[in-house]
Amino acid sequence: MMQAYLDNSATTRCSGCVAQTVQKVMLEDYGNPSALHQRGVEAEHYVLEAKQFFAKNLKVDEKEIYFTSGGTESNNLAIIGTAQANRRAGNHLITTAVEHPSVANTMKYLEKEGFRVTYLPVDGDGIVSLDALREALDDETILVSVMYVNNEVGAVQPVDEIAKILKGCAKKPLFHVDAIQAYGKYHIYPKKEGIDLLSVSGHKLHGPKGVGLLYVDSRVKIHSILYGGGQQKGLRSGTENVPGIAGMAEAARECYENLDEKVERLYALKERFVNGIDRIDGASVNGRTGRDSAPQIVSVSFDGVRSEVMLHALEERGIYASAGSACSSHKRAVSPTLGAMGLDKERAGSTLRFSFCFETTQEEIDYCLQALVELMGQLRRYVRR
């Protein structure tokens, strides 16, 4: 039976070169990078080399790159660390109604700590309202956190325009961008785009799980949220995950080699998939689908078929998708993102996310489309009208 893995926004398969790099570091160059002997120096070399790559790739300074355990920690450190460090300047934070749980739940935590949080609305495509941002900003605003690409529907937020609005404020708030679904698909230059903090995760771009990074502009005032041995200039204590860091750097190198060509191919696959969905009775795509959307994510609602039912029916055919964010996939509640976009409970509960990667083939797309045609014909027979 053919298989089609179309859940790459949840995680990607490690590339062969990445796996080899990780194995080499774990089995041969396994020293602690803080150790003063040769083994430690060899391990530290991987960390320094990775910093150099990411700094060059993002066009920032090496000292502004910090390695973390992944996207969740990067987002937590960016938001909690800056909120606590800048509290004397104000207690108002701004984010959107469609953020990943690692941002949304962090904001909820800070609300309990006495911070005031504004959640900006989005339109039917999942794009944040700039007018609402302008209205929300005040003298107490110290941080704005907006994702680059939405993880459920692929909406691309107007990061450049948000940065311009913030730059025009008398007291410019810090700007944090969750780029976990964007890095490896877009050329991102934080300093040029007015981004103060940027989160990245390794396993979304064919790297290992359990590793990520946070870019922090050198001018940003930020506190640590982990306390220990003072590694990474005291901002992120804990022995660095050297195999993960080396693997993530190798994965990013591979992604950014001929990136534009790879992204063009992704958009072609997405267009083929969306056109196929449009021909299926009862299936409809949520959000934008053109070049103003992310190249790798498509959200589809199936009229009259619960998402769990379709999900498992596809799995029986070797096709893997997801019912929203993998980080909250075990919850039965309606997706906050889909709700914020205006989808009613029934449609939101009948939605799946299909996400592609540079390894996705046209055959996988066609196989999935054919299965959806057959399954919609079968499963909708049992819908009560």
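To be clear, the structure that these remarks concern was listed above.
## Re the side chain of Arg-236
Here Arg-236 lies in the loop between β8 (212–216) and α8 (242–256). When residues no more than four places from it in sequence are discounted, the contact partners of Arg-236 are Phe-67, Thr-68, Ser-69, Glu-73, Leu-226 and Gln-231.

## A closer look at the pairing of β8
For β8, the buried fraction is high: five of the five residues fall into the buried class. By the alternation rule, side chains of β8 split into Gly-212, Leu-214 and Val-216 and Leu-213 and Tyr-215, which are all buried. In this sheet, β8 lies alongside strand β2 (residues 65–68) in antiparallel orientation, the contact comprising four bridges. Considered in β8, the bridge of Ile-65 is made with Tyr-215. The pairing of strand β7 (residues 197–201) with β8 spans five bridges and is classified as antiparallel. Note that in β8 the partner of Leu-198 across the bridge is Tyr-215.

## Some points on the side chain of Asn-286
When you line up the elements, Asn-286 lands in strand β9 (residues 283–286). For Asn-286, the side chain forms a polar contact with the side chain of Arg-347, separated by 2.6 Å. Look past the residues within four positions of Asn-286 in its chain and what remains in contact with it is Val-153, Ser-299, Val-300, Ser-301, Met-341, Leu-343, Arg-347 and Thr-351.

## What to know about unusual backbone geometry
A positive phi angle is found at Lys-59, which is not glycine, with a value near 60°. Relative to the assigned elements, Lys-59 resides in the loop between α2 (38–58) and β2. Under the relative-accessibility criterion, Lys-59 is labelled exposed at 56%. One non-glycine residue with positive phi stands out, namely Lys-233, at about 60°. Within the secondary structure, Lys-233 sits in the loop between β8 and α8.

## Some thoughts on the nonpolar core
Membership of the largest hydrophobic core comes to 100 residues, with the highest contact counts inside it found for Phe-54, Phe-273 and Phe-354. No other element matches the nine residues that α8 contributes to this core. Other than its neighbours up to four places away in sequence, Phe-354 contacts Leu-6, Phe-273, Gln-296, Ile-297, Val-298, Val-300, Phe-302, Leu-314, Ala-321, Cys-368 and Leu-372. Counting residues in hydrophobic clusters, the runner-up holds 21 residues, among them Leu-93, Val-103, Leu-214 and Leu-235.

## Some remarks on the packing of aromatic side chains
Inspection of the entire model under this criterion finds eight aromatic pairs. Considering the side-chain rings of Phe-53 and Phe-54, the 5.2 Å spacing of their centres and the 75° angle between planes classify their relative orientation as edge-to-face. On the basis of an interplanar angle of 75° and a centroid distance of 6.4 Å, the ring pair of Phe-302 and Phe-354 is categorised as edge-to-face. Highlighted residues: Phe-302 in strand β10 (residues 297–302) and Phe-354 in strand β12 (residues 351–355), separated in sequence by 52 residues. For the pair Phe-302 and Phe-354, a shared accessibility class is recorded, and that class is buried. An aromatic cluster is present here, built from Phe-53, Phe-54, Phe-67, Tyr-183 and Tyr-256 joined pairwise through their rings.

## Section: the packing of α2 against α8
Between α2 and α8, the least distance of the axes is 9 Å, while the angle of their chain directions is 35°. As for the relative orientation of α2 and α8, their crossing is left-handed in sense. Listed contacts from α8 to Ala-43, Tyr-46, Val-47, Glu-49, Ala-50, Phe-53, Phe-54 and Asn-57 of α2 are Val-242, Ile-245, Ala-246, Met-248, Ala-249, Ala-252, Arg-253 and Tyr-256. In terms of residue class, the contact of α2 with α8 is built from 13 nonpolar, one polar and two charged.

What counts, and where the lines are drawn
- Residues numbered from 1 in each chain as written.
- Predicted model: local features only at pLDDT ≥ 70, side-chain atom pairs only at ≥ 80, totals over all residues.
- Heavy atoms only, no water.
- Helix = DSSP H or I, 4+ residues; strand = E, 2+ residues; numbered from the N terminus.
- Contact = heavy atoms within 4.5 Å.
- Buried < 20%, exposed > 50% of the residue type's maximum accessible area, 1.4 Å probe, protein only.
- Pairing = 2+ DSSP bridges.
- Polar contact = N/O pair within 3.5 Å; in protein donor to acceptor, adjacent residues only side chain to side chain.
- Core = buried A, V, L, I, M, F, W, Y, C linked by side-chain atoms within 4.5 Å.
- Phe/Tyr/Trp six-rings, centres within 6.5 Å; stacked < 30°, edge-to-face > 60°.
- Axes fitted to C-alpha atoms, helices over the stretch in contact; angles between N-to-C directions.
- Left-handed = near helix turned anticlockwise from the far one by under 90°.
- Nonpolar A, V, L, I, M, F, W, Y, C, P; charged D, E, K, R; others polar.

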